[in-house]
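# Coordinates in review
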Amino acid sequence: MLSHISISNYTIVSALEMEFAPGMTVITGETGAGKSIMLDALGLCLGDRADPKAVRHGCDRADITATFDISNIPAARNWLQSRDLTGGDDCILRRVITTEGRSRAYINGSTCTLQDCAQLGAMLIDIHSQHAHQSLLRKPVQRALLDAYAGQQQLASQVEQLASAWLRAQRELELLAGSRDEHTARAQLLAYQVDELNALALQEGELAELEQEQRTLANAEQILSSAHAALELCEEQESGTRRALQLLAGDVNSGAAIAGARELLDSAAIQLNEARSEIERHIDGVEINPERLADVEQRLEAIYDVARKHRVMPEDVIATHQHLEEELQSLSGSGERIDELAAEMAKLAAEYHTAAGKLGKQRQKAGKKLVAAAQGILATLAMAQCTLEIALRPRDDAAPHPHGREDIEFLISTNPGAAPQPLGKIASGGELSRISLAIQVVTASAGTVPSMVFDEVDVGIGGAVAEVVGRLLRGLAAQAQVLCVTHLPQVAAQGQQHLQVNKTADRKSVHTDLSQLDADGRIDEIARMLGGVKITEQTLAHAREMLEG
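Residues numbered from 1 in each chain as written. Predicted model: local features only at pLDDT ≥ 70, side-chain atom pairs only at ≥ 80, totals over all residues. Heavy atoms only, no water.

### A short note on the overall build of the chain
The number of helices and strands found in the chain is 18 helices and 15 strands. Its C-alpha atoms give the chain a radius of gyration of 45 Å, more than 25% over the compact-globule value 24 Å for 549 residues. Structurally, the chain occupies a C-alpha span of about 150 × 70 × 40 Å along its principal axes. Expressed as a percentage of its 549 residues, the buried residues of the chain come to 43%. (Helix = DSSP H or I, 4+ residues; strand = E, 2+ residues; numbered from the N terminus. Rg over C-alpha atoms; globule rule 2.2 N^0.38 Å. Buried < 20%, exposed > 50% of the residue type's maximum accessible area, 1.4 Å probe, protein only.)

### Remarks on the nonpolar core
What tends to happen in soluble globular proteins is that the nonpolar side chains get buried as a cluster. Core analysis: the largest hydrophobic core is formed by 53 residues, its most contacted members being Leu370, Ile390, Phe410, Leu437, Ile439 and Leu473. Both domains that meet at this core, namely domain 1 (1-126 + 446-460 + 476-517) and domain 3 (518-548), each give it at least three residues. In contact with Phe410, not counting residues within four places along its chain, are Leu136, Gln142, Leu145, Glu389, Ile390, Gln421, Pro422, Leu423 and Ile439. Counting 46 residues, the second largest nonpolar core, distinct from the first, contains Phe20, Leu85, Cys91 and Leu483. (Core = buried A, V, L, I, M, F, W, Y, C linked by side-chain atoms within 4.5 Å. Domains from an automatic or database assignment. Contact = heavy atoms within 4.5 Å.)

### Examining the environment of Arg77
Along the chain, Arg77 turns up in helix H2 (residues 74-82). Expressed as a C-alpha distance, the spacing of Arg77 and Asp89, which sit 12 residues apart in the sequence, is 8.3 Å.

### Concerning the sheet that holds strand E8 (residues 125-128)
The 6 strands lie next to each other as E8-E12-E13-E3-E14-E15, forming an open sheet whose pairing is mixed. Only two strands of the sheet have a single neighbouring strand rather than two, namely E8 and strand E15 (510-516). Across this sheet, the average inter-strand angle for adjacent strands is 15°, counted without regard to direction. Relative to E15, strand E14 (residues 497-505) runs antiparallel, the two being bridged by 7 bridges. Along E15, the bridge assignment pairs Gln500 with Ser515. (Pairing = 2+ DSSP bridges. Axes fitted to C-alpha atoms, helices over the stretch in contact; angles between N-to-C directions.)

### Some details on helix H18 (residues 537-548)
Taking 1.5 Å as the rise per residue, H18 with 12 residues should run 16 Å; its terminal C-alpha atoms sit 16 Å apart, in good agreement. Check the buried side of H18 and you find it contacts helix H16 (489-492) and helix H17 (519-531). (Expected span 1.5 Å × (residues − 1).)

### As for H17
In this model, H17 (13 residues) spans 18 Å end to end at C-alpha, consistent with the 18 Å of a helix rising 1.5 Å per residue. Buried within H17 are the following residues: Gly521, Arg522, Ile523, Glu525, Ile526, Ala527, Arg528 and Met529. The secondary structure elements touched by the buried residues of H17 are strand E3 (24-29), H16, E14 and H18. Sitting at the amino-terminal end of H17 is Asp518, which places a side-chain oxygen 3.3 Å from the backbone nitrogen of Asp520. (Polar contact = N/O pair within 3.5 Å; in protein donor to acceptor, adjacent residues only side chain to side chain.)

### A few points about unusual backbone geometry
Located in the positive-phi region is Asn9, a residue other than glycine, with phi close to 60°. Within the secondary structure layout, Asn9 lies in strand E1 (residues 2-10). Its identity is not glycine, yet Arg311 carries a phi of approximately 55°, on the positive side. Locating Arg311 in the fold gives a position in the loop between helix H10 (290-309) and helix H11 (317-332). Here Arg311 falls in the exposed class, since its relative accessible area comes to 79%.

### Quick look at the pattern of salt bridges
Going through the model one piece at a time under the given rule, you end up with 19 salt bridges. One salt bridge in this structure joins Arg276 and Glu280, with 3.5 Å as the shortest N-O distance. Of this pair, Arg276 and Glu280 both sit in helix H9 (residues 256-285), separated by 4 residues, roughly a single helical turn. Under the relative-accessibility criterion, Arg276 is labelled buried at 18%. With a closest N to O distance of 2.6 Å, Glu278 and Arg281 form a salt bridge. Remark: Arg281 and Glu278 occur in helix H9; sequence separation between them is 3 residues, near one turn of the helix. What you see here is one network of salt bridges that share partners, running through Glu30, Glu525 and Arg528. (Salt bridge = Lys/Arg side-chain N within 4 Å of Asp/Glu carboxyl O.)

### Structural notes on the environment of Val296
Locating Val296 in the fold gives a position in helix H10. By relative accessible area, which is 1% here, Val296 ends up buried. As a C-alpha pair, Val296 and Glu211 span 85 residues in sequence and 8.2 Å in three-dimensional space.

### Section: the side chain of His310
In this fold, His310 is placed in the loop between H10 and H11. Setting aside anything within four residues of it in sequence, one finds His310 in contact with Gln193, Glu196, Leu197, Thr320 and Leu324.

As structure tokens, this is what we get:
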């Protein structure tokens, strides 16, 4: 429920804070005092478009904050949790508007979109008025309300899920079928390319080995010439080293220095011998083989040609081969996928039609019951001539639809004999509010929005009818929090909390204040609503009688 609202620098409100209680709260005040300002401000927190002209004159920005107690609203708690916006049992919606036209919205301190505010707000509060907030005008709300009254939300959700799954399968099938010719051409090209790469049969590491072998074969004569020259030098150096060792042998050549020199010369001779052996082994591995060189170069040219065709580096040919094979395999399986999708759609359609048929019967039954109950209440609200109808029109397309087989719309006729028309086209603002009230009272047991606002539902009525409206709102307050802006004392007397709007003005500015009335204050305010400018003892006594009643 709405527990608190704070308004700063909005229109003629400089600063306003108000706590709200459960049950029925009435808001009264002189005409033009600004009773609807609070509702307009609340609408901004719920995602309404902002007008920079609404910022109070002389101020840079307006700031509105609405706090809701969501401890008993699991849908809102789950919505916040899924977006990591959890704030405990309270949910705080805030809207900031600047004179430059910028607007920012927040949920529990985190920046959010107006769509988020509207989506969350729909779970928290419903505003019934002559303005855009009249949710009953929206067909999705009408459908949801009927399903809730019928107790078939779970079945409606099942129908939606089945239809959505069918539509997803249909889109995939259309995509596959629509591009079948393109897929066929692509598959033929891929098959040719894969066959060519299969024939090439390039192995991992083969390219590097071939390139090394090609370099060796192409330079074999130079390699052998250099190797033989190096071998001769090693043999000469080894022979000289051995001769030096012989010259330094014997007792005559003794001493630490000579001993160290002999050790180094011996090591050098060994190293030269090993180097000579490695060179000989290298010479044995190199051959002048023009035939093999031609074969290697032909193989490399085939690899390079394929790489150029696919516009990849030669070392990426193997990866390209694997990728093309995978794509060809996936295209080859598209025909099988088409058959699978067709079977899946048939199964989903059968399940959908079973569930949607059951849902349609429940909607028909609940619609008749809702209309009968609402007509009875409308008769007590001076709208006995009004005819309410819930039209369930079969859809032209028999394909699964997320909202079921039928299109649902609430229709109304306010004059006898006139054909029923959509609510927004026929009903006036006051009539629409009373129709909403009647439907909300009927459907309250099915689980209404936790808070409801009724703005001037008493337009065009009075006397006993006004008292009926007040009692209906009071009864509805047993199911949900009710806030009601009213001009009628019969309605105001039914409130459990009474707020009064006052407008004061001086030479520089106009101010609007909202205050909670105590028992004496309520008597005075209802007496004002009864008697106008002059309040007599009789008027006060009448006000006391209404409150006691």
